[in-house]
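# Residue-level structural notes
Spelled out from the first residue to the last, the chains are:
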Amino acid sequence: MASSCSQALRHHVCKSSRILRVHLQKAWPNRSFVLNSAADQQPAVSSPEEIVIPKKKTWSKEAVLQALASTVNRDPTASDYRFQDDPYLTPKTSSEFKLFSLSQESGRNAAKYFISTYPKYFQKDYAQPHIPCLMPETLEAQIEEVSEAALIERIQMRKVKAAVDLYDQLQQAGTPVSLDVTNQLLDLICFYGDCDPAQENVPEQRNEETVGQENTLSHNKRSPCLVFSFRENNNAERIFALLSEPNTHSYSALIRGMVKVTDAPTSTFNFYTYTDLLNNQLKADVSTFNALITAAPEVKEKYNEKWELIVDLLKQMAEQKVKPNLLTLNAVLKALRRCGTVGKSQAFPVISEMRALSIDPSLASYNHLLSIFYKPGHKGQTDILQEVMNEVSGKSFTPQDPDDACDPVWHLSLQCLDTKDIEQAYRVHELLGVGENWRLLGNDFQQNIYHARFFSLLCMMENIDVVLKWYRDLVPSVYYPSSNVMRDLLQVLDTDNRLDLIPQIWKDLKQLGHGNRQTLVEELLTLMAREKQNQEVQETFAECALDIKKMYDTGDRGKVMMSWTAGSLSDLVSVLLAAQRRQDAWEILKLFKTHNRVPSEELLDKFLTCIKESGDVNQALELVQISAGFCLPGTPKLIQRVQQEFLLSEQQK
């Protein structure tokens, strides 16, 4: 039974393969097709005119998860994915977001620190399959003897000082070290400098030596988290001088390390090193040329001399048959940023030349190009932004250059937003939604700046319906607006005459932690008190006003309480009077005396008009007494109105 089923299945597969081959042959009659079936034992050999369809496709381990993730869009009502495991710690404000995210990361680092410090207590592997990053890392060297194997181990563990000390011990003992291992040591030193790299998840220990180093070290721009230092007569130069016959790798490592020190003497030293390489009948590799091109602006002073040196290096690459790569293009563009008008005249020819060599620009390339041409506030340069956006729109980018990690998407976004062009802003935001481009926007702080600028531009250019659509989409799932941005939103409500939405915005203000921003709260009260709305809206205004009063009375825990001003009290009374909440308004009116504030004559006239509608003579007299207590100039007029508009007894007169 099983054999018959197997034969039937094999027959069905072969029949399907023949049908597929026939259809493919009809579509491409000039090509031959080879379909590998499951029974094929030998891999098919393809000719230039053959299309080989493999019998199976090998998927990545994350393919299923990526396919599932592509079916789900971002939920604008949900919090950030980092906080979904614990709803109690879901942030409601930008300060809470920063506090909770840093606390979570701090706890994770603390756990990793203890696991790495005491690995013997964490040897049980519960994960199936094995997950290496969850197991303790080996932080201590296992080979104690002075040997080349011990040196290789320390190089692999990135222990710069220990590796250099061990290398010196091997030299003193007369033990030869192979050129390959020495080159690996040079690579390590030239990447990290003379100091050990900062270990992850290890608490920082500060002393006089480390503080002194921080004052003298320069930060490597290619990696913001990497502190790089080279002093005079550093270990890289010393070890390189000990080599009897350095090869191209040795020269390349030294030049690539020294180019990170951006001063004229060191840059000149790099070109001397390159000359020594040529004198030894060696050829430089592409990494060496890229480093020299980066250092070229430091060697020459005039713009045209800098460009001539770069051109000379490119010609030498062609003579030595060294093929340029993307890093070469970016190194040239980065150098042109410091060549003034020469850079503007040569930038596009460089890109055209590189494209002729099948080198496509990366995000860093476009960032360098914009830095050459674009100056914020110069309207004549916006055409460059338009061309760059035409190039990058709809594309998904991945980092290909170390400078791609320096947030080129963030710079591009801010430059586009500076033009105040809403269409450009939409194109930038659409670009961030393609693939994983949003990851290149930068850290949480930079993402917050981008969203603030984007939303402020929306408030400036769009109507209230569009603004609210984006507001509900961004807040608070990816963005926690500041008080200034919320003030922009209130201005949009005022411009489009949608003040009926103020109570909803007030709830969001409280949730976002802006309920104690006095200037913002006073502006909100002014908008509610300025014009009288229909009765339903006025009721919601009154409830909102009373809720604001509670914020003045109690405030948020741990935050500075707001102080009453004459304007805020007057607006609050006006809102309550418009909603026929005379008793609540009367209680607020008493706060003028409590907080040493003076009500306006216009407010008292408005209050008297409201009292007249109810005919409460006693309250009208109390209002006159309040006016007289503040010695207001309008008190006689207020008395005259009471005498004319109310029926008073002899005693009341």
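The structure presented is a predicted model; accordingly, all values stated were derived computationally and were not measured. (Residues numbered from 1 in each chain as written. Predicted model: local features only at pLDDT ≥ 70, side-chain atom pairs only at ≥ 80, totals over all residues. Heavy atoms only, no water.)

## Focus: the overall build of the chain
- Helices and strands together make up the secondary structure of the chain, namely 30 helices and four strands.
- In the chain, buried positions account for 40% of the 653 residues.
- Put simply, of all contacts in the chain between residues at least 6 apart along the chain, 64% involve residues at least 24 apart.
- Here the chain has roughly 37800 Å² of accessible surface; of this, 53% comes from carbon and sulfur atoms. (Helix = DSSP H or I, 4+ residues; strand = E, 2+ residues; numbered from the N terminus. Buried < 20%, exposed > 50% of the residue type's maximum accessible area, 1.4 Å probe, protein only. Contact = heavy atoms within 4.5 Å. Areas by Shrake-Rupley, 256 points an atom, 1.4 Å probe, with all protein chains shown as cover.)

## A closer look at the environment of Gln 533
- Topologically, Gln 533 is positioned in the loop between helix H23 (518-530) and helix H24 (535-553).
- Gln 533 gets classed as partly exposed once you look at its relative accessible area, which sits at 22%.
- Separated by 33 residues in sequence, Gln 533 and Asp 500 place their C-alpha atoms 8.2 Å apart.
- Apart from the residues lying within four places of it in its own chain, the contact partners of Gln 533 are Leu 499, Gln 538 and Phe 541.

## Points about a nonpolar patch on the surface
- A contiguous nonpolar surface patch, about 450 Å² in accessible area, is contributed by Phe 114, Tyr 118, Tyr 121 and Phe 122.
- Considering the arrangement of structural elements, one finds Tyr 121 in the loop between helix H3 (94-117) and helix H4 (148-156).
- Look at Tyr 121 and you get exposed, because its relative accessible area is 58%. (Patch = residues over 30% accessible without salt bridge, like charges linked within 9 Å, V, L, I, M, F, W, Y side chains within 5 Å. Salt bridge = Lys/Arg side-chain N within 4 Å of Asp/Glu carboxyl O.)

## Points about the confidence of the model for the chain
- With 83% of its residues at a pLDDT of at least 70, the chain reaches an overall mean of 80.
- Here residues 203-227 scores under 50 on pLDDT; set against residues more than four positions off or in separate chains, the count is 25 contacts. (pLDDT = per-residue confidence, 0-100.)

## Considering the side chain of Ser 627
- Tracing the sequence through the fold places Ser 627 in helix H29 (residues 617-629).
- At a separation of 2.8 Å, a polar atom in the side chain of Ser 627 contacts the side chain of Thr 635.
- Once you skip the residues sitting within four places of it in the chain, Ser 627 turns out to touch Leu 604, Leu 632, Thr 635 and Leu 638. (Polar contact = N/O pair within 3.5 Å; in protein donor to acceptor, adjacent residues only side chain to side chain.)

## Thoughts on the packing of aromatic side chains
- In this structure the tally under the stated criterion is 15 aromatic pairs.
- Aromatic pair Phe 97 and Tyr 480: ring centres 5.6 Å apart, planes at 40 degrees, arrangement tilted. Remark: Tyr 480 occurs in the loop between helix H20 (464-474) and helix H21 (483-495) and Phe 97 occurs in helix H3; sequence separation between them is 383 residues.
- With relative accessibility at 13%, the residue Phe 97 sits in the buried group.
- Of the aromatic side chains, those joined through ring pairs into one cluster are Tyr 113, Phe 114, Tyr 118 and Tyr 121.
- The positively charged end of Lys 469 is found above the aromatic ring belonging to Trp 470, 4.5 Å away from the centroid. (Phe/Tyr/Trp six-rings, centres within 6.5 Å; stacked < 30°, edge-to-face > 60°. Lys NZ or Arg CZ within 6 Å of the ring centre and 35° of its normal.)

## Here we look at the pattern of salt bridges
- The final tally for this structure, using the stated rule, is 19 salt bridges.
- Here Asp 187 ties to Arg 256 by a salt bridge, and the two come within 3.5 Å at their closest N and O atoms. A residue pair is termed long-range when its members are at least 10 positions apart, and Asp 187 in helix H6 (residues 179-192) and Arg 256 in helix H9 (residues 248-258) qualify at 69 residues.
- Put simply, Arg 581 and Asp 584 hold a salt bridge, and the shortest N to O gap is 3.6 Å.
- Among the charged side chains, a network of salt bridges with common partners joins Glu 539, Glu 543, Arg 581 and Asp 584.

## A few points about the packing of helix H28 (residues 601-614) against helix H30 (residues 635-645)
- For the pair H28 and H30, the least separation of the axes is 11 Å and the interaxial angle reads 15 degrees. Classified by the interaxial angle, the pair formed by H28 and H30 is roughly parallel. H30 is crossed by H28, and the crossing has right-handed handedness. On H30, the residues that touch Leu 604, Asp 605, Leu 608, Thr 609 and Lys 612 of H28 are Leu 638, Arg 641, Val 642 and Glu 645.
- Of the residues contributing to the contact of H28 with H30, the split by class is four nonpolar, one polar and four charged. (Axes fitted to C-alpha atoms, helices over the stretch in contact; angles between N-to-C directions. Parallel < 35°, antiparallel > 145°, perpendicular 65-115°, else oblique. Left-handed = near helix turned anticlockwise from the far one by under 90°. Nonpolar A, V, L, I, M, F, W, Y, C, P; charged D, E, K, R; others polar.)

## Some thoughts on helix H22 (residues 502-511)
- Buried residues of H22: Ile 502, Pro 503, Ile 505, Trp 506, Asp 508 and Leu 509, and no others.
- Turning to H22, the residues buried within the fold contact H20, H21, H23 and H24.
- One or two residues past the end of H22 sits Gly 513, with phi positive at roughly 85 degrees.

## Remarks on the packing of H28 against H29
- Two numbers describe how H28 lies on H29: the axes approach to 10 Å, and their chain directions differ by 170 degrees. It follows that H28 is roughly antiparallel to H29 by the angle criterion. The residues of H29 that touch H28, namely those facing Leu 604, Phe 607, Leu 608 and Ile 611, are Gln 619, Ala 620, Leu 623 and Ser 627.
- Broken down by class, the residue content of the contact of H28 with H29 amounts to six nonpolar, two polar and no charged.

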